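As a plain string of letters, each chain reads:
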Amino acid sequence: MSSPLDPDDWDDFASAAHALLDECVAALRSADDRPWQPVPGEIAEGYRLARDEPGIGHSEAAEALVSNVLPYHTGNTHPRFFGWVHGTGLASGLLSEMVAATMNSNCGGRNHGAVYVERALLDWCKDVFDFPTEASGVMVTGTSQATVIALAAARQRALGPSSRGDGVSASGAQLAAYALDGVHTSTQKALELIGVGGAWLRRIPAGPTGAMDPSELGRAISADREAGRTPFAVIATAGSVDIGSYDDLDGLADLASQEGLWLHVDGAFGAWTRLAAEPWRHLTNGIGRADSIAFDFHKWMSVPYDCGVALIRDQTAHTATFSNRPAYLAYQSGGLGAGNPWFCDYGTDLSRGFRALKAWTAVKTYGTSAFGEAITRNIEQAHLMGRLIEAEDSLMLAAPVRSNVVCFGSSSPEAPGGLHAEVAQTLQYAGEAVLSTTKIGGRVWLRAAIVNHRTTDADIAATVRAVVNHLTGMVEP
Ligand SMILES: *Cc1c(COP(=O)(O)O)cnc(C)c1O
């Protein structure tokens, strides 16, 4: 008897699959004409599943995917998408995701091809970020999860092996961590989750370059030590989410080693300036001296969501934090149960998808230098956007352009508070461009984070022009 969950007719399945592939290629090819659009109510309603769904078969399901799902994307494949920090995606992702779905590998461990691919990809990451070959790493959903993994290892090193069984409070130590005031919320969440407590994240103000002020940092560490607390980690930001600023990684590496602290780098998107041309590459000088780095493939590297990495210099600290292999996961000397270490020894997930394949295929397909070129171009485009904004009387920059993020808005001091959020929405509905907003100096500003390999200089100019047009219409009706 055939499986109730396999196609009745593989030839019919093949034609449905080929037709779907053609639609996907057409969608990627016409990315310029496919901005974000709101999901109509009846479409959203149509996603509802009945308790006893009858099943419509592959051909009809493929048609439903094309007409009711595919058009309602986030819009980040469009060349004028600059909101939040959203990667663009890659045509290679379409190929690798097909193969990953076909293989259906479980990368929690064992001895099979997908695990070797993940190791190869992580070795490439170690090369890029000047990490030693004996460092360990694991692919996770994104930087948020990678930060949990890295800071858990830092906590383990600070409190010793017994903390794993006894819990954080048994040591009697109150751990404290230090980061730039503009640090991403994922760091605070990670500290909450690992039992340190978000309030023990000390937010250090930025100096004139947008980096953590080293004397303020030194003072905060000393004050905590004097008060009997236990400083354990410095979290450096390599590319801040609000304005794209970078901490001085070499300076922080010196300080962390003097103070005996774990240096973690949040390099979600910004770590990848390691591949950029000078003068941008220098932004991440010293990154190879960190104890851990968290970064994403799904932002500036454009690999389809979701795809992040935690790299940990001290493999022993990494496995001491996570390894726990009961009898049913015992290591075998050969066969499928061999292949130590397993990725489940490096994080919280036991079952893991073949995330590595889309990143590996991307690097294999386009080559390292193509990514460097795209990243360099985005930074140049952010600076171009900055110059165009400064040339407009009606606009001003809210912060200097430091890398690929531009915060700007109306130069009119009378512009009402909600104006920039309104402009952002108007541009989104018009399909002209996607910008998001952030708060600087107590005011909401427009924000463009350029991590888009499809953006041309003309897209940058068109976006600035569209903002000017809408602002003019709004400020002087
Ligand atoms: C996006 C981002 C994060 C969180 O990463 P996810 O991949 O979304 O989990 C952390 N830090 C910075 C600077 C970011 O831009």
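Residues numbered from 1 in each chain as written. Predicted model: local features only at pLDDT ≥ 70, side-chain atom pairs only at ≥ 80, totals over all residues. Heavy atoms only, no water.

Tallying secondary structure elements over the chain gives 15 helices and eleven strands in all. Relative to its length of 477 residues, the chain is compact, with a C-alpha radius of gyration of 24 Å against a globular reference of 23 Å. Dimensions of the chain, computed from C-alpha atoms along their principal axes, come out at roughly 75 × 60 × 45 Å. Across the 477 residues in the chain, those meeting the buried criterion constitute 49%. Restricting the contact set of the chain to residue pairs at least 6 apart, pairs at least 24 apart contribute 74%. (Helix = DSSP H or I, 4+ residues; strand = E, 2+ residues; numbered from the N terminus. Rg over C-alpha atoms; globule rule 2.2 N^0.38 Å. Buried < 20%, exposed > 50% of the residue type's maximum accessible area, 1.4 Å probe, protein only. Contact = heavy atoms within 4.5 Å.)

Before going further, it helps to spend a moment on the pattern of salt bridges. Tallied over the full model, the rule gives 17 salt bridges. For arginine 352, the salt bridge is made with glutamate 118, and the minimal N-O distance between the two is 2.7 Å. Of the two residues, arginine 352 is situated in the loop between helix H11 (315-322) and helix H12 (355-366) and glutamate 118 in helix H5 (residues 113-128); the sequence distance between them amounts to 234 residues. Of the charged contacts, one joins aspartate 224 and arginine 229 as a salt bridge, the two residues approaching to 3.4 Å between their closest N and O atoms. Through salt bridges with shared partners, one network takes in Arg202, Asp224 and Arg229. (Salt bridge = Lys/Arg side-chain N within 4 Å of Asp/Glu carboxyl O.)

Turning next to the nonpolar core. In terms of nonpolar packing, the biggest core is built from 103 residues, with Trp124, Trp272, Phe295 and Phe297 touching the most fellow members. When residues of this core are assigned to their parent elements, the largest contribution, nine residues, is made by helix H6 (residues 143-159). Discounting chain neighbours no more than four positions away, the residues touching phenylalanine 297 are Leu121, Trp124, Cys125, Met139, Trp272, Ser302, Val303, Cys307, Gly308, Val309 and Ala359. Counting residues in each nonpolar core, the second largest holds 25 residues, with Ala448, Val464, Ala466 and Val467 among its members. (Core = buried A, V, L, I, M, F, W, Y, C linked by side-chain atoms within 4.5 Å.)

Summed over all chains, the structure comprises twelve aromatic pairs. Between tyrosine 366 and phenylalanine 371, the aromatic rings sit 6.1 Å apart at their centres with planes inclined by 85°, giving edge-to-face as the arrangement. Chaining the aromatic ring pairs together yields one cluster made of Trp124, Phe129, Trp272, Phe295 and Phe297. Just above the ring of tryptophan 342 sits the side chain of arginine 110; from NZ or CZ to the centre is 5.1 Å. Note that arginine 119 overlies the ring of tyrosine 116, its terminal NZ or CZ placed 5.4 Å from the centroid. (Phe/Tyr/Trp six-rings, centres within 6.5 Å; stacked < 30°, edge-to-face > 60°. Lys NZ or Arg CZ within 6 Å of the ring centre and 35° of its normal.)

What follows covers the pairing of strand S3 (residues 201-204). Regular strands show a simple pattern: their side chains alternate between the two faces of the sheet. Pairing of strand S2 (residues 175-180) with S3 involves four bridges; the strand directions are parallel. Its bridge partner lying in S3, leucine 180 is registered against isoleucine 204. (Pairing = 2+ DSSP bridges.)

What follows covers the site of the ligand. Inspection of the region around the ligand gives 13 residues, with Ser144, Asp266, Asp296, His298 and Lys299 positioned closest. Measuring from an oxygen atom of the ligand, one finds a side-chain N or O atom of histidine 298 at 2.9 Å. Here lysine 299 contributes a side-chain N or O atom positioned 2.9 Å from an oxygen atom of the ligand. Contact with the protein chains hides 86% of the accessible area of the ligand, taken as 380 Å² for the molecule alone. Looking at side-chain class alone, the shell around the ligand contains three nonpolar, seven polar and three charged residues. (Near = heavy atom within 4 Å. Polar contact = N/O pair within 3.5 Å; in protein donor to acceptor, adjacent residues only side chain to side chain. Areas by Shrake-Rupley, 256 points an atom, 1.4 Å probe, with all protein chains shown as cover. Nonpolar A, V, L, I, M, F, W, Y, C, P; charged D, E, K, R; others polar.)

A cluster of nonpolar side chains, contributed by Val39, Tyr47, Leu65 and Val69, occupies part of the molecular surface with about 330 Å² of accessible area. The topology assignment puts valine 39 in the loop between helix H1 (10-29) and helix H2 (41-46). Residue classification places valine 39 among the partly exposed residues on the basis of a relative accessible area of 40%. (Patch = residues over 30% accessible without salt bridge, like charges linked within 9 Å, V, L, I, M, F, W, Y side chains within 5 Å.)

Moving on: the side chain of lysine 358. Within the fold, lysine 358 resides in helix H12. The side chain of lysine 358 is buried and forms no salt bridge, while glutamate 97, the nearest opposite charge, is found at 4.1 Å. Only 3.1 Å separates the side chain of lysine 358 from the backbone oxygen of tyrosine 305, close enough to count as a polar contact. Here the side chain of lysine 358 touches aspartate 306 through a polar contact of 3.1 Å, landing on its backbone oxygen. Once residues within four sequence positions are removed from consideration, lysine 358 is found in contact with Ser96, Glu97, Val303, Pro304, Tyr305, Asp306 and Cys307. (Lys, Arg positive; Asp, Glu negative; His and termini not counted.)

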